[in-house]
Amino acid sequence: MSGISLRKLNKTYGQLTVVHDIDLEIADKEFIILVGPSGCGKSTTLRMIAGLEEISSGELYIGEDLVNDVPSKDRDIAMVFQNYALYPHMTVYKNMAFGLQLRKAPEAEIDAKVRETAKILDIEHLLNRKPKALSGGQRQRVALGRAMVRNPEVFLLDEPLSNLDAKLRGSMRSAITKLHRQLDSTFIYVTHDQVEAMTMADRIVVMKDGYIQQVDTPQVLYDHPINMFVAGFIGAPQMNMFDVVVEKKGEDFVGIFQDTAFPLFLGEKKERLEPYLGKTVALGIRPENFHESQPHDVDPAKTCSFSGYIELAEPMGAEIHLNLVANGIELIARVSPRCEARDGEDVTLVADLVNPHLFDKETEQSILF
């Protein structure tokens, strides 16, 4: 198999188009995640790949084969749903074996595959139970096992962890990532949770309103978001964004907000700010780029101080999130758990602007990407 190709894929319901011209190349054995807010078209795209939704226009290739009109059962894919979709009257063993029985596989082969898969997923001791006697995490493992026994080329997973509690989601993220490496198959995964996307994917597809915004590795998306939507969606807490007027100070650019000048040292990219002289742009600063004191490894000329008061300090264990009003704007900073600042107190933080994020206010596109 040589991957999956989506070429100008569209989905319409009457006059309403919910997926617009999706162009996407998914490599063989890749783990790719479609992420975005509810209603962005990610699940509809997945269901078109699965054959559960008709493609309104465009082409879908699995390997070299055009599969627009190929039934779902003939696409060599397996899908894991959000609600597990287990048969309540069947045992775990029978749920996992059912697809192979429909294909009239030999009983010995079915038994071997079910038991081997159960061992991989650590659910051997559950084979004689029915779904109602299982926890949410156990049910999700059974749903994964039912897909695995078929040994498909492609796994499609539609928000499979959304019904689990936070601790189970963490352990199941690890389990699915390990499973992908073990099975050496293509995984296409849908979620609205950007933490899942960042921790699991080889590449992430960020969607909004039925359009792909950006496709890249998790780190590139985080470091170089292509527009304001991606910048705000990827990262928790999300990026701080506020307006500055671009001016020049000697040979270097600065962003002016009220009486504060933010240094914008852009290296070879500084010429991209020439057309914006005297204009307003959006400056983005990640919460972790705020510090309680001057960082030892950052040139002081590339930092700027923010003084304000703390509206809310949220202890998170390994860090504290400070929600503050500084220089007349609301900001959120991630600081050390040893920070002693508390609600209502004044605070001065140092912002590291070594790699600033700058966006065109009209197009919302990155100026530096």
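Residues numbered from 1 in each chain as written. Predicted model: local features only at pLDDT ≥ 70, side-chain atom pairs only at ≥ 80, totals over all residues. Heavy atoms only, no water.

1. Quick word on the sheet that holds strand β13 (residues 260-264)
For clarity, the threshold we go by: At least two bridges found by DSSP between two strands are what make those strands a pair. A run of H or I in DSSP counts as a helix once it spans at least four residues, and a run of E counts as a strand once it spans at least two, with each numbered from the N terminus. Note on geometry: axes are C-alpha line fits, over the in-contact stretch for helices, and angles between N-to-C directions span 0 to 180 degrees.
Strand order across the open sheet formed by five strands is β13-β12-β11-β14-β20, with antiparallel pairing between neighbours. Two strands lie at the open edges of the sheet, namely β13 and β20 (357-360), each paired on one side alone. Geometrically, the sheet is characterised by an average inter-axis angle of 45 degrees between neighbouring strands, direction not taken into account.

2. Digging into the sheet that holds strand β19 (residues 346-352)
The sheet built from five strands is open, its strands ordered β15-β19-β16-β17-β18 with antiparallel pairing. Only two strands of the sheet have a single partner each, and these edge strands are β15 (290-291) and β18 (329-335).

3. Some details on the pattern of salt bridges
Selection rule: The rule for a salt bridge is simple: a side-chain nitrogen of Lys or Arg has to be within 4 Å of a carboxyl oxygen of Asp or Glu. Burial classes: relative accessible area under 20% of the type maximum marks a residue as buried, over 50% as exposed, and values in between as partly exposed (1.4 Å probe, protein chains only).
Counted according to the given criterion, the structure contains 12 salt bridges. One salt bridge connects Glu319 with Arg334, and the closest N-O pair in it is separated by 3.0 Å. Highlighted residues: Glu319 in the loop between β16 (303-315) and β17 (320-326) and Arg334 in strand β18, separated in sequence by 15 residues. The class for Arg334 is partly exposed, based on a relative accessible area of 26%. Connected through salt bridges with shared partners, the residues Lys11, Arg47 and Glu53 form a single ionic network.

4. Thoughts on unusual backbone geometry
That bond from Ala236 to Pro237 is cis: its omega, -5 degrees, falls within 30 degrees of zero. Note on placement: Pro237 falls in the loop between α8 (228-233) and β11 (240-249). Positive phi, normally seen in glycine, also occurs at Asp122, with a value near 60 degrees. Of note, the phi angle at Asn151 is positive, near 50 degrees, even though the residue is not glycine. With respect to the helices and strands, Asn151 occurs in the loop between α4 (136-148) and β7 (154-158). When its relative accessible area of 58% is taken as the criterion, Asn151 is described as exposed.

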